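# Analysis of the macromolecular model
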Amino acid sequence: MRGLKLTERFKSTQVHALSSSESHGRKNKAMEGAITIRSLVSKSKSNTPTTSAVANLVVPLQLPSADTLEPSIEPYLKPINLVEALAELYYRVECCLQSEKASLCVEQFTLLRSLGDQKLLRRCLRTARQNAEDVLSKVVLSAWLRYERRVDELEGVSSMDCGGCVLECPKVNLVHGFSPCLINDRCQCQCPQQSRTEESVCLCLPDEEKDVSFCVGNEEIDCVRWRIAALSDPFKAMLYGGFAESKMRKIDFSQNGMCPEGMRAVELYSRAKRLDFFCPTTVLELLSFSNRFCCEEMKGSCDAHLASIVGSVDDALVLIEYGLEERAPLLVASCLQVLLRELPNSLCNSKVMNFFCSSDGKRRLAMVGFDSFLLYYFLSQVAMEESMVSKTTMMLLERLGECASERWQKALAFHQLGCVLLERKEYNDAQHCFEIAAEAGHMYSVAGVARTKYKQGQPYSAYKLISSLIFEHKPAGWMYQERALYNMGREKSFDLDVATELDPSLSFPYKYRALAKVEEKQIKAGILELDKIIGFKLSPDCLELRARMFITLKDYDSAIRDIRALLTLEPNYITSNEKITGKYLVHLLSHVVQQKSQAECWMQLYEQWSSVDDVGSLAIIHQMLENEPRKSLLEFRQSLLLLRLNCQKAAMHSLRMARNHSSSMQERLIYEGWILYDTGYRDEALARADRSITIQRSFEAYFLKAYVLADTSLDPESASYVIELLEEALKCPSDGLRKGQALNNLGSIYVDRGKLDLAKACYENALAIRHTRAHQGLARVYHQKSQRKAAYDEMTKLINKAENNASAYEKRSEYCDREMAKVDLVVATQLDPLRTYPYRYRAAVMMDEQKETEAVEELTKAINFKPDLQMLHLRAAFYEAMGDLSSALQDCQAALCLDPNHTDTLDLYQRTRKPSF
């Protein structure tokens, strides 16, 4: 690991800590003693203890034992063969009826959740919402889309705001039936409505039309007989049939539960067919009247009118009771919509959760057909994100299981309930749930069964269970990882090594090996083991563990760096053992590291950005935000780093905070534009950029517009326009970090258009302001000029400068001979096994050498832990060349399940299908 001077740091394995005198004299001598933290620190009234308080901390911050570590059972569906499952699902989507598409898209969302690609998951939800027909599905999916974007974090945005997109409009959701729409279709409720002239209605009934009166108590309400009769068949039979009332001029209506005002409203509605004259209480009375006398048209009008006025959680909690009692589905749906669009905040409302969690609430929803799996699926996912061990989460998952009708639904509900019960240490009940999920065909739940057996003192039974799974099915990384828990010594190490080989993205094996090395007094080797996974997969638990190791070595600068980085990922992080907040740890360590001014932080940020040290950059921005809280510019930079590190949720949180803390409307529009772009609303993002430019010309507004436009294949005219936008951006004030990115992007477009000299100038200017990644662009220019040696040397410069350089090795492989390229790509895979190009390159070379089986195996090895679109497409092409059309067809279907519009795969899919007709 570059730049950490490990040789100097790994001289001691003793845990050290603060004393009062040392905290005052930290600049002159190293700390001694044990770092100590009380378990009650997180419960203290103040999170900002003084130096004297630090001296009183007495419970050691210890590294955990390797044998106490356990990987979590993930609460996702994990098919044994995901490619086969995706292919089968795509086939069903192709053949299904329109009414089944939304449900299949939700199933697709469920299958893909374990991959963690937020953009892919949002696309599944949007497609499900596009194809939804019933009101409840529209309400739930629209609320789910808003929740995934965490709209609740945006200040000044109401939960019932439309936002301009038809897929999330609360009014459109209450319209039954399928209506084709595109993702970026603007909602008409945002457009000015032409005023329509209402037909004037006489509120008083003319004397000449009065031919029947209804007596309610001492009052008589004059009506028009035929109009009342038209309200329902029962009224028609009463007023014109063989009943005595058909002969009466006055009819006693006192025993029918109507007050005089309510009956007057019935009379007026019978003439005007409108409800806007009445208060909600009167409309509720009309709704009840409609139910008693089968007035379907009036009931529908009351249902729709009441649905349109639900505006708050309090309204919803009151009106949903009436809606359920009177079987008014639109009113119930509207109330549910308010409650769902307030998530996760409405989870804190005990009345809301009592309604959703209880069996009685589910039974009452069933009366209007709303005891939906989709509804409880959404609710339970929100609850699990808030707390895996809460009673609310458990009860919602119980309701989810009651609503499950298909096998995958039952597997999901009981597997997730098993995960929650396992976390709650209710092992017997958890085992039962996992067994039900396994019986429904979810083999990953067998790992849950084994874990609960192990927790109940049956390790050998757990070992046999996982061993049989490995023997009976295609082995997966998680199988060996799980079996390692029930092994010891060499067998345990062997299983963990195999788990890493099969799935290098599993973090548990790295953590175990790191702690095992620490226990052998090889702390340097332990940190290097963690460096392997942190280099390509940033996770708070690995950062915390590495920070603890640095604390053990008294390397407090590195420790605080890692803790700051993990707090960027999870601002409310609490350590795994002592339950101490990450913020408190930063505060403690800040007493023993030199504090930097904001100017010094900016200088360090330039250094780390230039050396492509993303973790260090995250940490320094976190410190800068401590110095200047709510600084939108810094939060925006934070989001850019997190996106580059593939931490999408954390990146979007930072971007939302930047939007909330923006100092002007012009700046706020830019951040809203990035949010919209990153969540798939491209046209809306462009509109925000244009509005920002009209207020004030700025670097970020022009850059946003250029970036969004360049995200598609550019024709010469479009490319020229993007160039103009980037040139305008560069004329506006900004700092070197951002201008370097703009120059880099501009150079890339020049290369695409063959303007190599202009591109070279852009890259050289970017390098002059220390935008290190411009070496890659400059290498591309040299390559285009057939100067491969210069291109290779340029990439070598990037490798030497960059802290995280897997992509640099990958790119350099394009500028050397085949043997040297293989070496570079092996290094790239070692540094980042999730990068797909090296596997595709090696497979293509094998295919050229007519090693067809080896080529397919190379791709399969990566597809097993990362089912990537490009790799699936390439393997399908290999299968087609080998004549294995059924395998080619399956890979095409799986790839199209990831991206149904991928042109090359669609063409290959059509070719592989032809022989079957």
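Residues numbered from 1 in each chain as written. Predicted model: local features only at pLDDT ≥ 70, side-chain atom pairs only at ≥ 80, totals over all residues. Heavy atoms only, no water.

## Quick look at the overall build of the protein
Scanning the protein from N- to C-terminus turns up 49 helices and 3 strands. Taking 29 Å as the expected radius of gyration for a compact globule of 917 residues, we find that the protein reaches 32 Å, a close match to that expectation. Looking at the protein as a whole, 55% of its 917 residues are labelled buried. Sequence-distant contacts, at least 24 apart, represent 60% of the contacts inside the protein between residues at least 6 apart. Charge separation in the protein, taken as the distance between the mean sites of 115 positive and 122 negative side-chain charges, equals 4 Å. (Helix = DSSP H or I, 4+ residues; strand = E, 2+ residues; numbered from the N terminus. Rg over C-alpha atoms; globule rule 2.2 N^0.38 Å. Buried < 20%, exposed > 50% of the residue type's maximum accessible area, 1.4 Å probe, protein only. Contact = heavy atoms within 4.5 Å. Lys, Arg positive; Asp, Glu negative; His and termini not counted. Charge placed at Lys NZ, Arg CZ, Asp CG, Glu CD.)

## A few points about the side chain of His-591
Turning to its location among the elements, His-591 is positioned in the loop between helix 30 (582-589) and helix 31 (598-610). With a relative accessible area of 10%, His-591 lands in the buried category. One polar contact links His-591 to His-587, side chain to side chain, over a distance of 3.5 Å. (Polar contact = N/O pair within 3.5 Å; in protein donor to acceptor, adjacent residues only side chain to side chain.)

## Quick look at the packing of aromatic side chains
Here the structure, examined in full by the defined rule, presents 31 aromatic pairs. Plain terms: the ring middles of Phe-235 and Phe-289 are 5.6 Å apart, the flat faces sit at 20 degrees to each other, and that makes the pair stacked. Taken together, the residues Phe-235 in helix 10 (residues 233-240) and Phe-289 in helix 12 (residues 280-292) connect sequence positions 54 residues apart. Neither Phe-235 nor Phe-289 differs from the other in exposure class; each is buried. (Phe/Tyr/Trp six-rings, centres within 6.5 Å; stacked < 30°, edge-to-face > 60°.)

## Considerations on the pairing of strand 2 (residues 219-223)
By the bridge criterion, 5 bridges tie strand 1 (residues 212-216) to strand 2 in an arrangement that is antiparallel. Note that in strand 2 the partner of Ser-213 across the bridge is Asp-222. Between strand 1 and strand 2, which follow one another and run antiparallel, lie 2 residues, and Gly-217 among them has a positive phi close to 65 degrees. (Pairing = 2+ DSSP bridges.)

## Points about helix 45 (residues 837-848)
Helix length check: helix 45 (12 residues) gives 16 Å between terminal C-alpha atoms against 16 Å at 1.5 Å per residue, within 8%. All of the buried residues along helix 45 are Pro-838, Tyr-839, Arg-842, Ala-843, Val-845, Met-846 and Met-847. Residues of helix 45 that are buried in the fold lie against helix 43 (806-812), helix 44 (818-831), helix 46 (852-863) and helix 47 (869-882). Where helix 45 terminates, the next one or two residues include Gln-850, which has phi positive at roughly 60 degrees. (Expected span 1.5 Å × (residues − 1).)

## Details of the pairing of strand 1
The element strand 1 is extensively covered by neighbouring structure, given that 5 of its 5 residues are classed as buried. Neither face of strand 1 is exposed, since Val-212, Phe-214 and Val-216 on one face and Ser-213 and Cys-215 on the opposite face are all buried. Strand direction decides the pairing type here: strand 1 and strand 3 (residues 250-252), joined by 3 bridges, are parallel. Within the sheet, the bridge partner assigned to Cys-215 lies in strand 3 and is Asp-252.

## Remarks on the environment of Arg-656
Structurally, Arg-656 is set in helix 34 (residues 648-660). Put simply, Arg-656 and Ser-639 are 17 residues apart on the chain and 9.2 Å apart in space, counted from C-alpha to C-alpha. Setting aside residues no more than four positions away along its own chain, Arg-656 makes contact with Arg-149, Arg-150, Glu-153, Leu-154, Lys-649 and Ile-675.

## Here's the deal with the state of the cysteines
One pass over the full model with this rule turns up 0 disulfides. Note on Cys-96: no disulfide assigned, nearest cysteine sulfur contributed by Cys-105 at a separation of 7.9 Å. Judged by its relative accessible area of 14%, Cys-96 falls in the buried class. A disulfide-free cysteine, Cys-403 has its sulfur positioned 13 Å from the sulfur of Cys-357, the nearest such atom. (Disulfide = S-S within 2.5 Å.)

## Details of the sheet that holds strand 3
What the 3 strands build is an open sheet, ordered 2-1-3; its pairing is mixed. If you trace the sheet from one side to the other, it starts and ends with strand 2 and strand 3, each paired once. Across this sheet, the average inter-strand angle for adjacent strands is 30 degrees, counted without regard to direction. Along the sheet, helix 11 (residues 260-272) contacts strand 1 and strand 2; its crossing angle with strand 2, the most-contacted strand, is approximately 5 degrees. (Axes fitted to C-alpha atoms, helices over the stretch in contact; angles between N-to-C directions.)

## What about the nonpolar core?
In terms of nonpolar packing, the biggest core is built from 227 residues, with Phe-214, Phe-289, Leu-340 and Phe-356 touching the most fellow members. Discounting chain neighbours no more than four positions away, the residues touching Phe-289 are Phe-235, Phe-253, Met-258, Met-263, Val-266, Cys-295 and Met-298. (Core = buried A, V, L, I, M, F, W, Y, C linked by side-chain atoms within 4.5 Å.)

## Overview of the side chain of Arg-341
Relative to the assigned elements, Arg-341 resides in helix 15 (residues 329-341). Here Arg-341 sits buried without a salt bridge, and the closest side chain of opposite charge, Glu-168, lies 5.9 Å off (N-O distance). For Arg-341, the side chain forms a polar contact with the main-chain oxygen of Asp-161, separated by 3.1 Å. One polar contact links the side chain of Arg-341 to the main-chain carbonyl oxygen of Glu-168, over a distance of 3.1 Å. Once residues within four sequence positions are removed from consideration, Arg-341 is found in contact with Ser-142, Ala-143, Arg-146, Ser-159, Met-160, Asp-161, Glu-168, Pro-170 and Asn-173. (Salt bridge = Lys/Arg side-chain N within 4 Å of Asp/Glu carboxyl O.)

## Quick notes on helix 12
If you check helix 12, its first and last C-alpha atoms are 19 Å apart, about what 13 residues at 1.5 Å a residue would give, namely 18 Å. Listed in full, the buried residues belonging to helix 12 are Thr-282, Val-283, Leu-284, Glu-285, Leu-286, Leu-287, Ser-288, Phe-289 and Ser-290. Next to the buried residues of helix 12 lie helix 10, helix 11, helix 13 (296-308) and helix 14 (313-325). Just downstream of helix 12 lies Cys-294, where phi reads positive at about 55 degrees.

None of this, on its own, says anything about what the molecule does.
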